[in-house]
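These are the residues of each chain, in order.
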Amino acid sequence: MSNYHIKHLEEYYQVYRKSVNNPERFWEEIAEEHFLWRKKWDKVLEWDFKKPEVKWFQGAELNISENCIDRHLATRANKTAILFEPNNPDDDAEHITYKQLYHRVNQFANVLKAQGVKKGDRVCIYVPMIPELAIATLACARIGAIHSVVFAGFSATALATRINDSDCKIVITSDGSYRGAKTIDLKGIVDEALERCEGVETVLVAKRIHSNITMKVGRDKWLQPLLDVASNQCEAEVMQAEDPLFILYTSGSTGKPKGMVHTTAGYMVYTAYTFKNAFQYRENDVYWCTADIGWITGHSYIVYGPLCNGATTVMFEGVPSYPDYGRFWDIVDKHKVNQFYTAPTAIRALAKQGVEMVEKYDLSSLKVLGSVGEPINEEAWHWYNENIGKKKSPIIDSWWQTETGGIMITPIPYVTPTKPTYATLPFIGVQPCIMDEHGKELKGNQVEGRLCIKFPWPSIARTIWGNHQRYKETYFSTFENMYFTGDGALRDEVGYYRITGRVDDVIIVSGHNLGTAPIEDAINEHPAVAESAIVGFPHDVKGSALYGYVTLKDSGESRNQENLRKEINQLISDRIGPIAKLNKIQFTDGLPKTRSGKIMRRILRKIAEKDTSNLGDISTLLNPECVQDIMDNVL
Ligand code: WT7
């Protein structure tokens with residue numbers, strides 16, 4: 001009997017019960033039947049959230065690239081694996097079959113080997129959404145190198161920090177990238193970053209925009225000539241189940257990004273199984289996730305999950321607004337997309353453009369709509385349901401995180417009845433719970449508190465690269481014996497979950513997870529700035545936008561405030577990337593602080609949200625007088 005594909009609600013409950021009553025038995029069955037193992041495991045699960053330590057399928061040997069590619073060659077050699085839709089709609093889409101993908105990944109793997117890359121080495125991939133990005137990640141997996149994909153919208157400083165944190169000795173990039181009507185000088189950003197990265201010996205450069213770039217002799221090499229002479233056969237490295245597959249950085253509430261480490265077997269099993277069920281993928285469907293492979297959504301649900309299932313996965317290079325706001329719907333129509341997965345911020349931006357941009361296109365191929373990255377508000381949910389899904393395609397509001405590797409709470413389409421703004425029920429094998437501030441579990445329904453997970457699932461990140469202590473403190477120390485998500489949630493009267501948002505200093509702007517600390521660090525580098533505090537405030541498209549409170553060293557600062565604002569945003573752009581720029585910057589003489597000197601962000605958040613009816617007791621502050629002044633000058 002196979003539990004691989006769930007088709008009814010009763011079946012969901014039955015399989016769910018089985019998965020929590022005997023998780024080892026359950027995951028063993030899934031793993032047995034649907035993957036290619038060089039050697040089976042000795043033990044399904046070993047775990048201890050106190051250490052913390054989680055090991056799935058110990059003793060097993062495999063290679064995930066064989067599961068994504070080789071395994072399909074017998075039956076799907078000529079099926080499209082990756083359907084590449086370029087930035088310019090007048091350029092042809094590229095259909096890369098499983099057979100072609102096999103050859104291209106093997107060639108790339110041989111190039112990496114020829115450059116001296118070995119099992120366990122870290123490879124930084126800073127490439128836009130072109131086929132080389134997916135191929136490079138799979139080539140790393142094939143030879144057992146650990147990929148660290150850095151989103152190609154990050155700045156030189158952010159890139160350098162990530163390269164150095166995991167000691168990458170090779171960087172893969174391109175001469176530049178297209179972004180709508182603009183081009184971006186990616187290679188220039190890499191050159192700037194590498195001034196601070198002594199360990200990088202080699203840079204492989206893909207040609208995309210044919211710009212005039214400088215190649216540093218001895219370090220920089222064009223990729224294509226190397227691929228042209230490489231063999232298209234490359235024996236896959238045999239990996240242990242718990243060998244690291246990749247590192248992916250996510251921002252935290254302190255300055256340094258956290259390099260989340262995902263390992264091989266558990267990640268593969270979980271992303272493949274969730275993909276199949278959360279999207280109800282059927283053999284000839286065309287699936288499209290609009291995320292960038294630079295984020296976990298792209299790793300798990302553009303590359304690994306779909307390819308493990310032999311699916312056709314669309315990779316889109318461009319932006320939703322180019323050449324106009326109908327582009328997403330044009331692509332759905334052109335490629336007859338069946339499953340469409342995007343972020344609430346994109347839905348809100350497109351909804352603003354009106355339905356004329358939608359009505360031009362035939363969206364009848366759509367069967368499943370997905371949402372991910374932040375809470376989806378009711379209005380956006382209804383717009384998506386009515387105008388895109390025509391009330392026929394269920395919306396899966398899927399909650400998960402970089403750290404969880406795969407989807408954790410989601411409706412299963414055509415199985416779980418949906419409810420606007422609710423992620424609904426835990427996925428098979430996931431055991432969520434809601435905790436109060438004192439560490440007590442809130443049992444039963446109609447409760448609200450902090451969202452934790454009680455039991456390991458196969459794709460949980462195993463550590464933070466080079467800092468296991470930080471991993472323990474961030475996720476396993478707030479509540480005993482639990483993984484703490486950092487999110488608030490409520491459970492309604494039927495047991496459905498609704499995610500209410502972050503409860504820490506992380507703000508989600510347009511679906512991007514931004515820690516306040518690194519932004520504040522960037523602002524504080526400005527010579528005129530004494531101190532700063534960032535909070536989020538509601539924004540109709542971005543979900544949340546950033547509001548900065550800044551105190552200056554010299555309060556009589558003669559410079560024009562507008563210029564200062566520009567300089568501060570430029571600094572943020574340079575240090576982190578344009579996504580972290582502030583929407584509003586208020587200059588103030590003081591920031592409210594506790595007696596121990598901690599900035600009271602809660603008060604600043606309320607002021608930015610223009611909700612000052614209940615600021616709480618401010619008399620215990622060190623400097624209560626500044627609060628009125630801040631309120632009087634709010635932007
Ligand atoms: C945070 C994780 C893995 C997806 C991409 C983001 C928020 C994610 C939802 C959702 C409400 C959501 C949470 C989470 N989030 N999905 N469906 N409803 N909130 O990955 O950058 O690691 O961010 O995104 O706050 O903790 P990420």
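Residues numbered from 1 in each chain as written. Predicted model: local features only at pLDDT ≥ 70, side-chain atom pairs only at ≥ 80, totals over all residues. Heavy atoms only, no water.

### Some details on the overall build of the chain
Counting its regular elements, the chain contains 20 helices and 30 strands. Against the compact-globule benchmark of 26 Å for 635 residues, the chain has a radius of gyration of 24 Å, which places it among compact chains. Seen through its principal axes, the chain has C-alpha atoms that stretch 75 × 65 × 55 Å. Within the chain, the proportion of its 635 residues that are buried is 61%. In the chain, the share of contacts with a sequence separation of at least 24, taken over all contacts with a separation of at least 6, comes to 71%. Surface summary for the chain: the accessible area is close to 24200 Å², and the carbon and sulfur share equals 46%. (Helix = DSSP H or I, 4+ residues; strand = E, 2+ residues; numbered from the N terminus. Rg over C-alpha atoms; globule rule 2.2 N^0.38 Å. Buried < 20%, exposed > 50% of the residue type's maximum accessible area, 1.4 Å probe, protein only. Contact = heavy atoms within 4.5 Å. Areas by Shrake-Rupley, 256 points an atom, 1.4 Å probe, with all protein chains shown as cover.)

### Focus on the sheet that holds strand E7 (residues 146-149)
The strand order across the open sheet built from eight strands is E12-E11-E8-E6-E7-E14-E15-E23, with neighbouring strands paired in mixed fashion. The open sheet has two edge strands, strand E12 (220-222) and strand E23 (463-464), and neither has a second partner. Taken together, the three bridges between strand E6 (residues 122-125) and strand E8 (residues 170-174) define a ladder with parallel strand orientation. Considered in E8, the bridge of valine 123 is made with isoleucine 170. The strands touched by helix H11 (residues 296-308) within the sheet are E7, strand E14 (244-250) and strand E15 (258-263), with E14 carrying the most contacts at an inclination of about 140 degrees. (Pairing = 2+ DSSP bridges. Axes fitted to C-alpha atoms, helices over the stretch in contact; angles between N-to-C directions.)

### With respect to the sheet that holds strand E16 (residues 286-289)
Across the sheet, which stays open at both edges, the seven strands sit in the order E5-E4-E17-E16-E18-E19-E20 with mixed pairing between neighbours. At either end of the open sheet lies a strand with only one pairing partner, and these are strand E5 (94-97) and strand E20 (395-398). With strand direction ignored, the average angle separating the axes of adjacent strands in the sheet is 20 degrees.

### A few points about helix H1 (residues 9-21)
The terminal C-alpha atoms of H1, which comprises 13 residues, lie 18 Å apart, in line with the 18 Å expected from a rise of 1.5 Å per residue. Residues Glu11, Tyr12, Val15, Tyr16 and Ser19 constitute the buried set of H1. Seen along its axis, H1 keeps its buried residues to an arc of 130 degrees; they face one direction. Away from its buried face, by an angle of more than 90 degrees, H1 presents the exposed residues Glu10 and Asn21. Here the buried face of H1 lies against helix H2 (23-34), helix H10 (265-278) and strand E21 (432-435). (Expected span 1.5 Å × (residues − 1). Arc of directions from axis to C-beta.)

### Description of the site of the ligand
Looking at the ligand, there are 17 residues lining it, with Asp397, Ser398, Thr402, Asp487 and Arg502 nearest. The side chain of aspartate 397 places a nitrogen or oxygen atom 2.7 Å from a nitrogen atom of the ligand. At 2.5 Å from an oxygen atom of the ligand is found a side-chain nitrogen or oxygen belonging to aspartate 487. In isolation the ligand offers 560 Å² of accessible surface; the protein chains occlude 95% of this area. When contributions to the shell around the ligand are tallied by element, the ones reaching two or more residues are H11, E20 and strand E25 (497-502). Tallied by class, the residues present in the shell around the ligand amount to seven nonpolar, six polar and four charged. (Near = heavy atom within 4 Å. Polar contact = N/O pair within 3.5 Å; in protein donor to acceptor, adjacent residues only side chain to side chain. Nonpolar A, V, L, I, M, F, W, Y, C, P; charged D, E, K, R; others polar.)

### Quick look at the packing of aromatic side chains
Across all of its chains, the model carries 45 aromatic pairs by this definition. Note on tyrosine 270 and phenylalanine 427: the rings are 6.0 Å apart at their centroids and 85 degrees apart in plane angle, and the pair reads as edge-to-face. A residue pair is termed long-range when its members are at least 10 positions apart, and tyrosine 270 in helix H10 and phenylalanine 427 in the loop between E20 and E21 qualify at 157 residues. Residue tyrosine 270 is classed as buried on the basis of its relative accessible area, which comes to 0%. Between phenylalanine 275 and phenylalanine 279 the ring centres are 5.6 Å apart and the planes differ by 40 degrees, which places this aromatic pair in the tilted class. Phenylalanine 279 carries the same exposure label as phenylalanine 275, and that label is buried. Here the aromatic cluster, defined as three or more aromatic residues joined through ring pairs, consists of Trp47, Phe49, Phe455, Trp457, Tyr471, Tyr475, Phe476 and Tyr483. (Phe/Tyr/Trp six-rings, centres within 6.5 Å; stacked < 30°, edge-to-face > 60°.)

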